[in-house]
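Coordinates in review
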Amino acid sequence: MRLDLTNRTAVVTGGSSGIGASIVSALEACGAKVHIFDLANGIDVSNRETLEKAFDGIPGDIDVVVANAGIGTTSGLVETSKELWDRTIAINLTGAYNTVQLAAARMKPQRKGSIVLTASTNSYDGEPMLSAYNASKAGVLGILHTAACELGPYQVRINAVCPGLIRTPLTKGSFDSPEILKDYFRHMPLGRGGEPEEVANAVAFLASDLASYITGAALLVDGGQLSSKFGTWNDDIGEFRKDRWVLR
Ligand SMILES: NC(=O)c1ccc[n+]([C@@H]2O[C@H](COP(=O)([O-])OP(=O)(O)OC[C@H]3O[C@@H](n4cnc5c(N)ncnc54)[C@H](O)[C@@H]3O)[C@@H](O)[C@H]2O)c1
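This text gives an overview of the structure that appears in the document. (Residues numbered from 1 in each chain as written. Predicted model: local features only at pLDDT ≥ 70, side-chain atom pairs only at ≥ 80, totals over all residues. Heavy atoms only, no water.)

A word on helix α3 (residues 82–110)
In plain terms, the rule: For the purposes of this entry, the term helix denotes a DSSP run of H or I that reaches at least four residues, the term strand denotes a run of E that reaches at least two, and both are numbered from the N terminus. Multiplying one less than the number of residues by 1.5 Å gives the expected span of a helix. The bend reported for a residue corresponds to the angle between axes fitted to the seven residues ending at that residue and the seven starting there.
Here α3 spans 40 Å end to end across 29 residues, near enough to the 42 Å set by a 1.5 Å rise per residue. When the local axis directions of α3 are compared, the greatest deviation, roughly 35°, occurs at A90. Directly after α3, the chain includes R111, whose backbone phi takes a positive value near 60°.

If you want it as structure tokens, here you go:
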């Protein structure tokens, strides 16, 4: 059994940094030819016209599309400005919608294809100061479930990964602060944050034929965070060393 994407063509949005860059590396390591759609190369997923042109620029079948581009925004519920709300929804939700819609339009006539969305534990979880972000990521799961129903008959699969706290430029502030990590990672049964490669491995699996009977699934890649309602770690059982909890 091998995770083989030889001769497959893939698109990864937000593929120039963090989780997206690791997804690009993982898909390429499995043999895929990967196109990166990122602000860094002039492609804004919230701009429908630009995105459509980018898809049109790829000849032949598109086998895998990963809608991963996103931004993190932080603000209290009352303080959230209309501009912040609009920008968060435009990129994280409308951008994902644009990507899925254009991917689906290509894949339906092909009668094959696999789409993977980067959602979040914040698609489910309440967390203060993140109302716009959390709403955008909850919405991504709405796209997931509906698209799975519509695309299944065409043998096009769509799934999501829901990462917890992953070490990327987006989360540098948290990872640079041992006090934040110690507290946050009390709630991670595995006692640590995730690496972008660990999310990319899950995306590569969902993109591949090894996941041939999986569609409409949202796969948590969170070190167990959402299973840990009351927290897992405390100073009696463990000690915090640099960036993780370890058993005493
Ligand atoms: N890092 C985490 O802890 C974490 C957790 C859960 C979900 N996520 C999600 O993972 C995805 C990637 O996040 P990351 O941590 O790798 O962030 P990152 O900032 O390292 O990378 C995001 C990439 O998306 C690109 N991008 C931003 N806006 C864009 C736009 N309008 N059009 C095209 N590209 C755009 C950026 O240029 C960048 O290359 C996001 O959707 C984020 O919400 C991240």
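A short note on the site of the ligand
Selection criterion: Being near a molecule or strand, for a residue, comes down to having at least one heavy atom within 4 Å of it. Any pair of nitrogen or oxygen atoms within 3.5 Å is treated as a polar contact; in protein, a donor-acceptor pairing is required on top of that, and neighbouring residues in sequence qualify only through side-chain atoms on both sides. Each accessible area is a Shrake-Rupley estimate made with a 1.4 Å probe; only the visible protein chains count as cover when residues are assessed. In the scheme used here, Gly and all other residues not listed as nonpolar or charged are polar, with Ala, Val, Leu, Ile, Met, Phe, Trp, Tyr, Cys and Pro taken as nonpolar and Asp, Glu, Lys and Arg as charged.
Surrounding the ligand, one finds 28 residues, the nearest of these being S17, I19, D38, Y133 and T168. Here an oxygen atom of the ligand sits 2.8 Å away from a polar atom, N or O, in the main chain of I19. Relative to its unbound accessible area of 830 Å², the ligand is 92% covered by the protein chains. Among the residues forming the shell around the ligand, the class breakdown is 14 nonpolar, eleven polar and three charged.

Notes on the pairing of strand β3 (residues 64–67)
Quick reminder of the rule: Exposure categories follow from relative accessible area, calculated using a 1.4 Å probe and restricted to protein chains: below 20% of the type maximum is buried, above 50% is exposed, and the middle band is partly exposed. At least two DSSP bridges between two strands are needed for those strands to be called paired.
Residues V64 and V66 line one face of β3 and the alternating positions V65 and A67 line the opposite face, and both faces are buried. By the bridge criterion, three bridges tie strand β1 (residues 9–13) to β3 in an arrangement that is parallel. When the sheet's bridge partners are listed, V12 is paired in β3 with V66. Relative to strand β4 (residues 113–118), β3 runs parallel, the two being bridged by four bridges.

Some remarks on the nonpolar core
Stated precisely, the cut-off is as follows: Remark: nonpolar core denotes a set of buried residues (Ala, Val, Leu, Ile, Met, Phe, Trp, Tyr, Cys) joined through side-chain atoms within 4.5 Å. Contact definition: two residues touch when any of their heavy atoms are within 4.5 Å.
If you look at the biggest cluster of nonpolar residues, it comprises 32 residues, and the most contacted ones within it are F37, F55, I115, L117 and I158. When residues of this core are traced back to their parent elements, those giving at least two are α2 (48–56), β3, α3, β4, α4 (131–151) and β5 (156–163). For I158, the contacting residues outside a window of four places in its chain are V100, I115, L117, L144, A147, A148, T215, G216 and A217. Counting 25 residues, the second largest nonpolar core, distinct from the first, contains I23, L27, C30 and V34.

Considering the pattern of salt bridges
Filter applied, for reference: Note on definitions: salt bridges are taken to be side-chain nitrogens of Lys or Arg within 4 Å of carboxyl oxygens of Asp or Glu.
Counted by the stated rule, this structure contains 15 salt bridges. Between R167 and E195 there is a salt bridge, with the nearest N and O atoms lying 3.0 Å from each other. With R167 in the loop between β5 and α5 (172–175) and E195 in the loop between α6 (178–184) and α7 (196–207), this residue pair connects regions lying 28 residues apart in the sequence. E195 gets classed as partly exposed once you look at its relative accessible area, which sits at 24%. The residue R167 makes a salt bridge to D243 at a minimum N-O spacing of 3.0 Å. Here R167, found in the loop between β5 and α5, pairs with D243, found in the loop between β7 (238–241) and β8 (244–247); they are 76 residues apart in sequence, far enough to count as distant.

Re the packing of aromatic side chains
The condition that has to hold: Think of it this way: a Phe, Tyr or Trp ring, Trp meaning its six-membered ring, pairs with another when their centres are within 6.5 Å, and the plane angle makes it stacked under 30 degrees, edge-to-face over 60, tilted otherwise.
Inspection of the entire model under this criterion finds five aromatic pairs. Residues Y184 and F185 carry aromatic rings whose centres are separated by 6.2 Å and whose planes lie at 85° to one another, so their mutual orientation is edge-to-face. Consider the rings of W233 and W245, whose centres lie 6.0 Å apart with planes at 20°: the pair is stacked. Residue W233 is found in the loop between β6 (218–221) and β7, and its partner W245 is found in strand β8; the two are separated by twelve residues along the sequence. For the pair shown, W233 and W245 are each scored as buried. Each residue in the set F175, Y184 and F185 is aromatic and connected to the rest through ring pairs, giving one cluster.

Concerning the environment of K53
When you line up the elements, K53 lands in helix α2. Judged by its relative accessible area of 60%, K53 falls in the exposed class. Distance from K53 to I43, taken between C-alpha atoms, is 9.3 Å for residues ten residues apart in sequence.

Re the pairing of β4
It is a general feature of regular strands that their side chains alternate between the two faces of the sheet. The condition that has to hold: Orient the strands so they point away from the viewer; a crossover is then right-handed if the path from the first strand over the helix to the second runs clockwise.
Across the six residues that make up β4, a large majority, six, are buried. The two faces of β4 match: G113, I115 and L117 on one face and S114, V116 and T118 on the other face are all buried. In this fold, the crossover linking β3 to β4 by way of α3 has right-handed handedness. Here β4 runs beside β5; their pairing, made up of six bridges, is parallel. Of the residues in β5, the one forming a bridge with I115 is I158. In the classification by handedness, the crossover that spans β4, the intervening α4 and the parallel β5 is right-handed.

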